[in-house]
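Structure assessment
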Amino acid sequence: MQKIILKDNYMLEGKNIYKQINGSEILNNISLNVVPSKISCLIGPSGSGKSTIINCLSLLTPPSKGVVTLNGQDFSFENEKSSYSIFPYPLVTVVFQGLFLFPHMTNEKNILLPLQEHNKDLSNFDILVDRLKIREVLNKYPNECSGGEKQRVALARQILLEPQYLLLDEVTSALDLETVNTVAEILVEMRNKGVGILLATHMINLAKTIGNDFYFIDKGIMIESGNISRLNTPETERLNKFLQIYI
Ligand SMILES: Nc1ncnc2c1ncn2[C@@H]1O[C@H](COP(=O)(O)OP(=O)(O)O)[C@@H](O)[C@H]1O
Ligand SMILES: [Mg+2]
């Protein structure tokens, strides 16, 4: 990874991000921050652009226009052709909605391979495996596991990489509520250690319980953002209507 020019206010920022795919505007002037020691929640209907934002912030998908700033270092995108060959991984780590576990490796190998690749400490492996209750699936292959088991394996893999910024794309959607609680506890512990977390989720109660702030997008447009408490008293009619379903 290129040397990062350090600033006092470390964060991962997306500024005025646009993304066009095949002529349609997927993201339209989206700005959002992932801040150390904060859990920011990204909410919005399916197809609103949550995954695309996460992919752009991780620099895996180049925005059509806009700037991604990582700890003070700007990655500017002027047009469709701008791109960088630098991926700030595992400093910025994503648990993708599609999880992307290697199908030809056991779950244990899936978790250990990137840790070994990046010379990460393995001492927390056993504790996390037990907390996420995945010990009995370690020797299985991903296609022998349920959706919830795969989500927990993918989470363990990325958490153990000790990222500074962790971007989570609907990673609790297949989990029972007891396990969601365990994941929530782990995320709060990570936040308390200084990790900046972006949590794309449809679980509004989870967002309200562990989130610090929120971003609500619809059709690629930022409709409303602010302190998480504002989910109780939304300012816009659109967010109000969206939240009605969850009451
Ligand atoms: N690679 C792609 N090609 C074409 N359309 C895409 C592609 N990726 C995303 N889209 C479209 O962009 C919109 C936003 O998608 P996405 O970011 O996955 O939304 P969300 O995560 O909020 O459900 C959707 O309409 C989706 O069909
Ligand atoms: Mg998505």
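One can find the structure itself at the top, above this paragraph.
Residues numbered from 1 in each chain as written. Chains lettered and ligands numbered in written order. Predicted model: local features only at pLDDT ≥ 70, side-chain atom pairs only at ≥ 80, totals over all residues. Heavy atoms only, no water.

1. Quick word on unusual backbone geometry
Put simply, the test is: Per the convention used, a helix needs a DSSP run of H or I reaching at least four residues, while a strand needs a run of E reaching at least two, with both numbered from the N terminus.
Cis geometry is found at the peptide bond from Tyr89 to Pro90, where omega equals 5°. Considering the arrangement of structural elements, one finds Pro90 in the loop between β5 (73-77) and β6 (92-95). Even without being glycine, Asn71 reaches a positive phi, approximately 50°. Here Asn71 lies in the loop between β4 (65-70) and β5.

2. Side note on the packing of aromatic side chains
Under the convention used in this document: Within 6.5 Å between ring centres, the rings of Phe, Tyr and Trp (the latter by its six-membered ring) count as paired, and their orientation is classed by plane angle as stacked under 30 degrees, edge-to-face over 60, tilted in between. For every residue, the accessible area obtained with a 1.4 Å probe (protein chains only) is divided by the maximum for its type, and the residue is called buried under 20%, exposed over 50%, and partly exposed between those limits. A ring is scored as having a charge over it whenever the NZ atom of a lysine or the CZ atom of an arginine sits within 6 Å of its centre and within 35 degrees of its normal.
This structure, assessed with the given rule, holds two aromatic pairs. Between the aromatic rings of Phe216 and Phe242, the centroid separation amounts to 5.0 Å while the plane-to-plane angle is 40°, which identifies the pairing as tilted. Taken together, the residues span a long stretch of sequence, with Phe216 in strand β9 (residues 213-218) and Phe242 in helix α7 (residues 237-244) at a distance of 26 residues. For the residue pair Phe216 and Phe242, the accessibility class agrees, reading buried in each case. The ring of Tyr18 is capped by Lys65, whose NZ or CZ atom sits 4.7 Å from the centre of that ring. In this structure, Arg157 is placed above the aromatic ring of Phe102, and the distance from its NZ or CZ to the ring centre is 5.7 Å.

3. Looking at the coordination of the magnesium ion (ligand 2)
The condition that has to hold: Counted as donors are N, O and S atoms no farther than 2.8 Å from the metal, or 3.2 Å for Na, K and Ca; water is not among the atoms, and sites may therefore look incomplete.
Summarising the metal site, the magnesium ion (ligand 2) is bound by the protein donors Ser51 (OG) and Gln97 (OE1), whose distances to it range over 2.1 to 2.2 Å. Taken together, the residues span a long stretch of sequence, with Ser51 in helix α1 (residues 50-57) and Gln97 in the loop between β6 and α2 (107-117) at a distance of 46 residues. For Ser51, a relative accessible area of 22% corresponds to the partly exposed category.

4. As for the site of ligand 1
What counts, and what does not: Summary of the distance rule: residues count as near a molecule or strand when at least one heavy atom falls within 4 Å of that molecule or strand. Residues adjacent in sequence count toward polar contacts only when both atoms are side-chain atoms; beyond that, a polar contact is any pair of N or O atoms within 3.5 Å, and within protein one must be able to donate a hydrogen and the other to accept it. Per-residue and other accessible areas follow the Shrake-Rupley method at a 1.4 Å probe size, with only the shown protein chains counted as cover for residues. Under this grouping Gly is polar, as are all residues other than the nonpolar Ala, Val, Leu, Ile, Met, Phe, Trp, Tyr, Cys and Pro and the charged Asp, Glu, Lys and Arg.
What surrounds ligand 1 is the set Ile21, Ile26, Pro45, Ser46, Gly47, Ser48, Gly49, Lys50, Ser51 and Thr52. Lys50 places a polar side-chain atom, nitrogen or oxygen, 2.9 Å from an oxygen atom of ligand 1. One nitrogen or oxygen atom from the side chain of Thr52 is found 2.5 Å from an oxygen atom belonging to ligand 1. Against a free-state accessible area of 560 Å², the protein chains account for coverage of 55% of ligand 1. For the shell around ligand 1, the leading source of residues is α1, giving three residues. When grouped by side-chain class, the residues that make up the shell around ligand 1 number three nonpolar, six polar and one charged.

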